[in-house]
Amino acid sequence: MSDNIFLAQELIRGYSRKRISPRCMIKVDLKKAYDTIDWDFIKEALEGLRFPTKFIDWIMECVSSTSFSISVNGCLYGHFDGKRGLRQGDPISPLIFTICIEYFSRVLKTKAHSPLFTFHPKCSQLGITHLAFADDLMLFSKGNPASVTILLNALKELEETSGLTVSIEKSNIFVAGIQDNRLDFSGMPKGQLPVKYLGIPLDGQRLKVAQFSPLITAITRLIEKWKGCTLSYAGRLELIISVIQGTISFWIQNFPLPANVIDHVAFLWGRRVSLITWDKICFPKEEGGLGIHDFKVWNTSFFSKVLWDIHSKRDSLWIRWVNSVYLNGNDVWEFCPNKRDSALFKKIFEARDKISLAKGGVQNAKEFLHNSVNNNKFQVSQIYDLLREKSQPAFAWRFVWRSYIPRKFSFITWLAVHQRIPTKDRLAFLDINTDCSMCVGDKETAQHLFFKCPFSLQVWNQVRMHFGFHKCTNAIKSSIKWINRLHGGARLRSKAITIALICTIYHLWRNRNRVHHDEDRLPIDGLVKNIAKDVYRVIFYLYPIT
């Protein structure tokens with residue numbers, strides 16, 4: 001898929017120019033492709049590729065044993081056998097369909113030998129006439145009637161032999177370097193750039209931020225489904241790591257995203273001002289961050305894989321095209337892109353230069369990329385770890401993010417250790433009263449709120465008595481150090497004390513917000529009871545009673 005996207009991006013460049021050699025691209029839409037393919041054609045295609053007879057019989061038994069019923073108001077009526085088509089969702093269906101498209105590829109290859117056919121610019125050396133991925137089909141030729149007629153004849157032959165039908169109304173023809181309407185005989189409407197191909201927008205020039213709206217819209221919908229505006233910080237963090245990173249990764253590995261587009265997905269703080277800068281958030285958790293990928297570095301890391309494919313001359317149409325059209329026998333490590341090269345190629349060589357700089361030379365960079373291949377799979381994570389900014393690991397961060405501590409507790413403690421809890425002293429620019437919300441005595445700072453406030457001191461006294469640790473708590477970092485020193489290890493009591501520390505900080509902050517926003521506070525006994533409940537809930541989850 002990535003190879004097709006890369007090559008399509010390069011071939012479509014220049015379509016927005018007025019003075020350019022005639023060229024044509026047809027984006028083909030097949031009507032209900034999987035549902036209309038003929039079974040006899042499938043069998044003939046398998047026989048033509050010389051699959052064993054017994055294997056073909058197995059395949060045809062799977063394909064031709066379909067049956068259907070009509071659902072009316074949730075009730076099934078009738079029963080009839082299928083006569084054509086492939087099952088939607090069947091794992092074997094895409095493979096069979098690919099074999100059928102292989103037939104079309106060979107038809108095009110044969111017709112391209114006609115003296116009347118002229119290849120699309122930059123395609124003649126490799127004989128490129130089309131790009132196909134499942135039923136996503138794009139055809140390329142010079143923008144003259146004879147070449148386009150040959151492409152249309154190939155599509156007609158595909159219809160007559162396979163049952164696949166081209167939807168003329170939904171297909172589009174894109175032309176450049178042609179001033180008149182000489183290609184209107186195709187009957188296809190003229191397409192407008194940018195055009196979406198395999199989920200990625202393609203244009204003849206650099207895409208504007210507005211043209212990345214499908215990505216931003218997809219992420220917005222995910223946030224709305226999860227009710228992102230009402231999620232806690234820990235919930236938003238989980239949404240970013242488990243869902244949004246997966247969504248944006250498809251774009252990042254196939255397209256050099258502008259920085260201002262990447263900034264749209266950083267919604268951790270909602271509509272509020274960022275409590276901690278994004279570059280620090282992108283550190284691993286043991287270095288004081290949240291383990292979110294730095295999307296800019298991640299984007300560059302994915303293109304290092306493309307760099308390695310070019311260097312190793314991987315056997316693919318895209319790599320052969322790069323070596324024949326761009327490099328022309330030059331070494332990818334010595335090639336210098338010019339200003340007219342695409343953003344895609346500039347990103348590839350940006351990755352090359354950054355890796356070479358980080359490893360202290362080209363030879364070291366080659367060895368590093370070679371060592372990043374494990375079982376024929378390129379490890380992008382190793383490149384990301386090389387290129388990202390780094391911070392000094394600290395025990396406090398590993399302590400806060402221990403696996404058995406609920407994330408909502410860890411997140412508030414993480415903010416407190418960073419001294420980024422939005423207490424009143426940090427909001428003084430809003431011209432508000434900075435007295436402590438719980439004792440209305442001293443100025444509300446993180447140190448006062450958690451360890452000096454009379455209310456908090458009484459809570460800590462009861463928590464220490466309840467869980468059996470006696471050393472005074474007067475600061476977060478020092479408390480973490482002595483708890484690890486006196487109560488470290490994997491024993492049940494050690495884990496209970498660790499959870500109690502993190503849980504108490506969370507509940508003190510939650511109680512402060514209740515007082516500040518709702519003018520309602522829990523009594524000390526009630527707050528300690530809630531802390532104990534949460535601690536025991538986690539302990540019972542770790543050590544269930546059997």
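Residues numbered from 1 in each chain as written. Predicted model: local features only at pLDDT ≥ 70, side-chain atom pairs only at ≥ 80, totals over all residues. Heavy atoms only, no water.

Topic: the overall build of the protein chain
Stated formally: Secondary structure elements are taken from DSSP: a helix is a run of H or I of four residues or more, a strand is a run of E of two residues or more, and numbering for both begins at the N terminus. Restricting the calculation to C-alpha atoms gives the radius of gyration, and the globule rule supplies 2.2 Å times the number of residues raised to the power 0.38. Using a 1.4 Å probe on the protein chains alone, a residue whose accessible area is under 20% of its type maximum counts as buried, one over 50% counts as exposed, and one in between counts as partly exposed. Residues count as neighbours in contact if any of their non-hydrogen atoms are within 4.5 Å of one another. Residue exposure ignores everything except the shown protein chains as possible cover, and the areas themselves are Shrake-Rupley values with a 1.4 Å probe. In this tally, Lys and Arg are treated as positive and Asp and Glu as negative; His is ignored, and so are the chain termini. To locate a charge, take NZ of a lysine, CZ of an arginine, CG of an aspartate or CD of a glutamate.
Secondary structure assignment for the protein chain yields 22 helices and 10 strands. Here the C-alpha radius of gyration of the protein chain, 31 Å, is well above what a compact globule of 546 residues would show, namely 24 Å. Taken along its principal axes, the extent of the C-alpha atoms in the protein chain is 90 × 65 × 45 Å. Counting over 546 residues, the protein chain shows a buried share of 47%. Sequence-distant contacts in the protein chain: of pairs separated by 6 or more residues, those separated by 24 or more amount to 66%. About 28,200 Å² of surface is accessible on the protein chain, with carbon and sulfur atoms providing 51% of the total. Between the mean site of the 74 positive side-chain charges and the mean site of the 49 negative ones, the protein chain shows a separation of 7 Å.

Some remarks on a nonpolar patch on the surface
Applicable threshold: Two distance rules govern patches: like charges are joined within 9 Å, and nonpolar side chains (Val, Leu, Ile, Met, Phe, Trp, Tyr) within 5 Å, applied only to residues with over 30% relative accessible area and no salt bridge. Put simply, a salt bridge is a Lys or Arg side-chain nitrogen that is within 4 Å of an Asp or Glu carboxyl oxygen.
A contiguous nonpolar patch, built from Phe-68, Ile-70, Val-72, Tyr-77 and Phe-80 and spanning about 470 Å² of accessible area, is present on the exposed surface. At the level of secondary structure, the elements contributing two or more residues to the nonpolar patch comprise strand S2 (67-72) and strand S3 (75-81). Examining the composition of the nonpolar patch, we find that 3 residues originate from one element, S2, more than from any other. By secondary structure assignment, the location of Phe-68 is in strand S2. Judged by its relative accessible area of 40%, Phe-68 is partly exposed.

Thoughts on the environment of Lys-529
Structurally, Lys-529 is set in helix H22 (residues 524-542). The sequence separation of Lys-529 and Leu-486 amounts to 43 residues, and the corresponding C-alpha distance is 25 Å.

What about the side chain of Asn-144?
By secondary structure assignment, the location of Asn-144 is in the loop between strand S5 (136-142) and helix H6 (145-162). Taking the relative accessible area as the measure of exposure, Asn-144 reaches 19% and is therefore buried. In contact with Asn-144, other than residues within four places in its own chain, are Thr-118 and Leu-183.

Looking at the sheet that holds S5
Filter applied, for reference: Strand pairing is defined by DSSP finding a minimum of two bridges between the two strands. Here, axes are lines fitted to C-alpha atoms. For helices the fit covers the stretch in contact, and angles between N-to-C directions go from 0 to 180 degrees.
Read across the open sheet, the 4 strands follow the order S4-S5-S1-S6; overall the sheet is antiparallel. The sheet is open, and its two borders are formed by strand S4 (130-133) and strand S6 (172-176), each paired with just one other strand. Each strand of the sheet is rotated relative to its neighbour by a mean of 10°, with strand direction disregarded. Helix-sheet contacts for helix H1 (residues 2-11) involve S4 and S5, and the interaxial angle to S4 is about 150°.

What about the packing of helix H21 (residues 492-518) against H22?
To keep things clear, this is the line we draw: Just so you know how the angles are binned, under 35 degrees is roughly parallel, over 145 roughly antiparallel, 65 to 115 roughly perpendicular, and the rest oblique. With the far helix as reference, a near helix turned anticlockwise by less than a right angle produces a left-handed crossing, and one turned clockwise produces a right-handed crossing. Gly falls in the polar group here, along with every residue not listed as nonpolar (Ala, Val, Leu, Ile, Met, Phe, Trp, Tyr, Cys, Pro) or charged (Asp, Glu, Lys, Arg).
At a minimum axis distance of 9 Å, the contact between H21 and H22 shows a crossing angle of 140°. Between H21 and H22, the interaxial angle falls into the category oblique. Helix-helix and strand crossings are classified by hand; for H21 and H22 the assignment is right-handed. From H21, Leu-492, Lys-495, Ala-496, Ile-499, Ala-500, Cys-503, Thr-504, His-507, Leu-508 and Asn-511 reach across to H22, where they touch Leu-527, Asn-530, Ile-531, Asp-534, Val-535, Val-538, Ile-539 and Leu-542. Looking at side-chain class alone, the contact of H21 with H22 contains 12 nonpolar, 4 polar and 2 charged residues.

Overview of H22
The following threshold applies: By definition here, a helix of n residues has an expected span of 1.5 Å times n minus one. In this description, one arc is meant: the one made by directions from the helix axis to the C-beta atoms.
Along its 19 residues, H22 runs 27 Å from first to last C-alpha, staying within 8% of the 27 Å computed at 1.5 Å per residue. Taken together, the buried positions of H22 are Ile-524, Leu-527, Val-528, Ile-531, Ala-532, Asp-534, Val-535, Val-538 and Ile-539. Along the long axis of H22, the arc covered by the buried residues comes to 160°, so they all point the same way. Of the exposed residues in H22, those oriented more than 90 degrees away from the buried face are Asp-525, Lys-529, Arg-537 and Tyr-541. Taken together, the buried residues of H22 touch helix H17 (407-417), helix H19 (454-467) and H21.

Section: the pairing of S3
With 0 of 7 residues buried, S3 is to be regarded as a mostly surface element. For S2 and S3, the ladder comprises 5 bridges, and the chain directions are antiparallel. Paired with Phe-68 across the strands is Phe-80, a residue of S3. In textbook terms, the turn of a hairpin is the stretch between consecutive antiparallel strands, and for S2 and S3 this stretch comprises 2 residues, one of which, Asn-73, has a positive phi near 55°.

Here's the deal with the packing of aromatic side chains
Counted only if it meets this: Two rings belonging to Phe, Tyr or Trp (six-membered ring only in the last case) form a pair when the distance between their centres is within 6.5 Å. Interplanar angles under 30 degrees mark stacking, angles over 60 mark edge-to-face geometry, and anything in between is tilted. Note on criteria: charge over ring means Lys NZ or Arg CZ within 6 Å of the ring centre, with the direction from the centre no more than 35 degrees off the ring normal.
For the coordinates displayed, the defined rule picks out 23 aromatic pairs. Across the ring face of Trp-401, the terminal group of Lys-285 is positioned such that the distance to the ring centre comes to 4.4 Å.

So, the packing of helix H14 (residues 362-371) against helix H15 (residues 380-387)
At a closest axis distance of 9 Å, the pairing of H14 and H15 adopts a crossing angle of 140°. The orientation of H14 with respect to H15, classified from their angle, is oblique. Contacts between H14 and H15 involve Phe-368, Leu-369 and Asn-371 from the first element and Gln-382, Ile-383 and Leu-386 from the second.

A look at the nonpolar core
Going by this rule: Only buried Ala, Val, Leu, Ile, Met, Phe, Trp, Tyr and Cys residues count toward a nonpolar core, and they belong to the same one when joined by side-chain atoms within 4.5 Å.
Core analysis: the biggest nonpolar cluster contains 127 residues, and Trp-318, Trp-321, Phe-411, Trp-414, Phe-450, Val-459 and Val-535 have the highest contact counts within it. At 12 residues, the largest contribution of residues to this core is made by H21. With residues up to four places along the chain from it excluded, the contact list for Trp-321 reads Leu-7, Glu-10, Leu-11, Lys-122, Leu-126, Ile-128, Tyr-326 and Phe-345.

A word on the pattern of salt bridges
Counted according to the given criterion, the structure contains 13 salt bridges. Glu-350 is the salt-bridge partner of Lys-347, the closest N and O atoms lying 3.7 Å from each other. Linking Lys-347 with Glu-350, this pair stays in helix H13 (residues 343-359), spanning 3 residues, or about one helical turn. Classification of Lys-347 by relative accessible area gives buried; the value is 11%. For the salt bridge of Arg-537 with Asp-534, the shortest nitrogen-to-oxygen distance reads 2.5 Å. Placement of both Arg-537 and Asp-534 in helix H22 is noted, with a separation of 3 residues, approximately one turn of the helix.

Observations regarding a negative patch on the surface
Residues Asp-40, Glu-44, Glu-47, Asp-57 and Glu-61 make up a contiguous surface patch of negative charge. Among the elements of the structure, helix H3 (39-48) and helix H4 (53-64) are those that each provide at least two residues to the negative patch. Broken down by element, the negative patch gets its largest block of residues, 3 residues, from H3. Checked against the element boundaries, Asp-57 lands in helix H4.

Here's the deal with H19
With 14 residues, H19 extends 20 Å from end C-alpha to end C-alpha; this agrees with the ideal 20 Å at 1.5 Å per step. Looking at H19, one finds that the buried residues are Phe-455, Ser-456, Val-459, Trp-460, Val-463, Arg-464 and Phe-467. Buried residues of H19 fall within an arc of 165° about the axis and therefore sit on the same side. Its buried side turned inward, H19 meets helix H18 (446-452), H21 and H22.

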